[in-house]
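Each chain, letter by letter, is given below.
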Amino acid sequence: MEEPPLREEEEEEGEEEEEEGDEAGPEGALGKSPFQLTAEDVYDISYVMGRELMALGSDPRVTQLQFKIVRVLEMLETLVNEGNLTVEELRMERDSLKKEVEGLRTEGSAAGREVNLGPDKMVVDLTDPNRPRFTLQELRDVLQERNKLKSQLLLVQEELQCYKSGLIPPREGSGGRREKDTLVTRPSNARSNKEEKTIIRKLFFFRSGK
Amino acid sequence: MRSSLTPLGPPVSRDRIITSFPKWYTPDACLQLKEHFHGQVSSTCQSRNTGTVGLRLSKVVVVGDLYVGKTSLIHRFCKNVFDRDYKATIGVDFEIERFEIAGIPYSLQIWDTAGQEKFKCIASAYYRGAQVIITAFDLTDVQTLEHTRQWLEDALRENEPGSCFVFLVGTKKDLLSGAACEQAEVEAVRLASEMRAEYWSVSAKTGENVKAFFSRVAALAFEQSILQDLERRSSAQLQVGDGDLIRMEESPPETQESKTSSSLGCC
């Protein structure tokens, strides 16, 4: 019986200090959204209800109801306190996570350029059809092959011209002209012995020709 | 002798026959001022005693910044075409041009190199053994002239000192008025003499000076080849056993050629 009003009085003092400026006073707590409810609001409600119960007089049924109401208000107080505490905790956790993510993001973008890749590295977009993908050696090999084929083509073109103009009788054939190939292709090292002998033979032929 | 050389290829086209020694472009920057073939060369050619020179391919390397017109210059000379569209050379390319100089067949293998920085490491592998280095620049872009110094240095590094003829060629002459060209040439000629190079202004688009320039290149290279060959043969004393001829079996002719030019160090 005594308890609720006592607490109400204590709280009332607190209310007066902090929330008296509020438009509604203790009654206003009842108009609030349940999600905005604070422990102080619960005390306000207790005060209001306690006052009204007192007004009903000392009927034992009222006393019975008062115990239950006090119990319900205590439960509400616990829930509101607990809820607000959880909200506060979550808010703090959210803020610290935000900070952590931001930190990682700035750190990550700096690291992406300098630490992970190094100054002479570059990022390749694997979906870009024009991305670099062949090695220098592969290009060298292709060029060398192209040069070889081009020199052979030039040689064949000349040879064809020789046949066309009747400079080489058809049966004398390619043997006599193979050595040109050796002269043309470059850079190349391996040549068959047979072809080298042809040059040698040719050169000795010049010697004896003089 | 002559008859043994003829089957090596079809007759060269009329405008590749050089009978009199081609003249320089400007006496202020030229490799030689003489107007005729070297006496010894003339007599050697007349007696058809030119050894293996007619069988050889002399190597010419063209270097210079991208888009100065190296490929255009070569294509104008070798194919007589001019393509307005720019297409960057990938790595290297080459053309072979056959001449008949003083009655002797002679061939130039003209190496066209990429001007783009990223291909430098590929193209530079082809600098070695060059008898002629042509450094090209754009007459309308002074920066490309400044860069020729570096291009030449890179090309010379791969060759024996004094073994190469060097030419400095200003391209796109058609884009300049006569007066502007003369102005651009002053600086170029000064740099050419510093580089010990012969200077030429050309236009691949109009073809101006292109044939004259390459004829000059061919004649100078030819004469050097004949003289080197004469010297080599006189020192070899015509001994087949330990002369150079037998060495052909071990090394390809081009290697031997560069060895010879290095030992003579003529330029």
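Just so it is clear, the structure is predicted and the values come from calculations on it, not from any experiment. (Residues numbered from 1 in each chain as written. Chains lettered and ligands numbered in written order. Predicted model: local features only at pLDDT ≥ 70, side-chain atom pairs only at ≥ 80, totals over all residues. Heavy atoms only, no water.)

Along its length, chain B carries 9 helices and 7 strands. Across the 267 residues in chain B, those meeting the buried criterion constitute 55%. At a minimum sequence separation of 6, the contacts of chain B that also span at least 24 residues come to 77%. Accessible surface, chain B: about 11500 Å² in total, of which carbon and sulfur atoms supply 49%. (Helix = DSSP H or I, 4+ residues; strand = E, 2+ residues; numbered from the N terminus. Buried < 20%, exposed > 50% of the residue type's maximum accessible area, 1.4 Å probe, protein only. Contact = heavy atoms within 4.5 Å. Areas by Shrake-Rupley, 256 points an atom, 1.4 Å probe, with all protein chains shown as cover.)

The number of helices and strands found in chain A is 6 helices and 0 strands. Each helix and strand of chain A, ordered N terminal to C terminal, gives the series α-α-α-α-α-α. Burial status across chain A gives 25% buried among its 210 residues. Only carbon and sulfur atoms are counted for the fraction: they give 56% of the accessible area of chain A, which is about 15500 Å².

Mapped onto the present numbering, the UniProt feature "coiled-coil region" (unreviewed entry) falls on residues 73-107 of chain A. Across residues 73-107 of chain A, the secondary structure splits into 100% helix and 0% strand, with the terminal C-alpha atoms separated by 50 Å. (UniProt positions renumbered as here; feature names shortened; annotations may be inferred.)

By rolling a water-sized probe across the atoms, one finds the places where empty space is left. All names here are of chain B. In this structure, the largest pocket spans a volume of roughly 850 Å³. Around the largest pocket, the lining is made up of 34 residues, and of these Thr 71, Ser 72, Asp 85, Tyr 86 and Lys 87 lie nearest the centre. The set of elements that each furnish at least two residues to the lining of the largest pocket consists of helix H3 (70-79), strand S3 (92-101) and strand S4 (104-113). Considering each element in turn, the lining of the largest pocket owes the most residues, 5 residues, to H3. Each residue belonging to the lining of the largest pocket can be placed in one class, and the counts come to 13 nonpolar, 9 polar and 12 charged. (1 Å grid on protein atoms, 1.4 Å probe; cavity = no way out; pocket = protein on both sides within 12 Å on 5 of 7 lines; lining within 4 Å. Points joined across faces, edges and corners; volume = space filled by probe spheres on them. Nonpolar A, V, L, I, M, F, W, Y, C, P; charged D, E, K, R; others polar.)

Take the confidence of the model for chain B next. Residue and element names in this part refer to chain B. For chain B, per-residue confidence averages 87 on the pLDDT scale, and 85% of positions sit at 70 or higher. Taken together, the stretch residues 1-7 has pLDDT below 50 and engages in 16 contacts with residues farther than four places along the chain or on a different chain. For residues 245-267, every residue scores under 50 in pLDDT, and the model assigns this stretch 44 contacts once sequence neighbours within four places are set aside. Reported confidence for the predicted complex is 0.76 by ipTM and 0.63 by pTM. (pLDDT = per-residue confidence, 0-100.)

Take unusual backbone geometry next. Residues and elements named next belong to chain B. Located in the positive-phi region is Tyr 67, a residue other than glycine, with phi close to 70°. Mapping Tyr 67 onto the fold places it in the loop between strand S2 (57-64) and H3. Even without being glycine, Asn 80 reaches a positive phi, approximately 55°.

Another aspect to go through is the environment of Phe 82 of chain B. Residue and element names in this part refer to chain B. Of note, Phe 82 is situated in the loop between H3 and S3. Taking relative accessible area as the criterion, Phe 82 reaches 32% and is therefore assigned partly exposed. Spatially, the C-alpha atom of Phe 82 lies 6.3 Å from that of Ser 72, the residues being 10 residues apart in sequence.

Once that is clear, we can look at the sheet that holds strand S7 (residues 198-201) of chain B. What the 7 strands build is an open sheet, ordered S1-S3-S4-S2-S5-S6-S7 (chain B); its pairing is mixed. Either end of the sheet is taken by a strand with one partner, and the two such strands are strand S1 (17-18) and S7 of chain B. Strand direction decides the pairing type here: S1 of chain B and S3 of chain B, joined by 2 bridges, are parallel. In the strand pairing of S3 of chain B, Ile 17 of chain B is matched with Glu 100 of chain B. Each of S3 and S4 of chain B is contacted by helix H4 (residues 136-164) of chain A, which is oriented at about 30° to S3 of chain B, the strand it contacts most. (Pairing = 2+ DSSP bridges. Axes fitted to C-alpha atoms, helices over the stretch in contact; angles between N-to-C directions.)

Residues and elements named next belong to chain A. A surface patch of nonpolar side chains, about 320 Å² in accessible area, is lined by Met 122, Val 124 and Leu 126. Residue position: Leu 126 is located in the loop between helix H3 (60-114) and H4. Owing to a relative accessible area of 67%, Leu 126 belongs among the exposed residues under this scheme. (Patch = residues over 30% accessible without salt bridge, like charges linked within 9 Å, V, L, I, M, F, W, Y side chains within 5 Å. Salt bridge = Lys/Arg side-chain N within 4 Å of Asp/Glu carboxyl O.)

Quick look at the packing of helix H5 (residues 142-157) of chain B against helix H6 (residues 178-195) of chain B now. If you want to describe how two helices pack, look at the angle between their axes and the distance between the axes. Residues and elements named next belong to chain B. Their axes nearest at 10 Å, the elements H5 and H6 cross at an angle of 15°. Accordingly, the angle class assigned to the pair H5 and H6 is roughly parallel. H5 and H6 meet at a crossing whose hand is right-handed. Within the contact between the two elements, H5 uses Leu 145, Thr 148, Arg 149 and Leu 152 and H6 uses Glu 187, Ala 188, Leu 191, Glu 194 and Met 195. Grouping the constituent residues of the contact of H5 with H6 by class yields 5 nonpolar, 1 polar and 3 charged. (Parallel < 35°, antiparallel > 145°, perpendicular 65-115°, else oblique. Left-handed = near helix turned anticlockwise from the far one by under 90°.)

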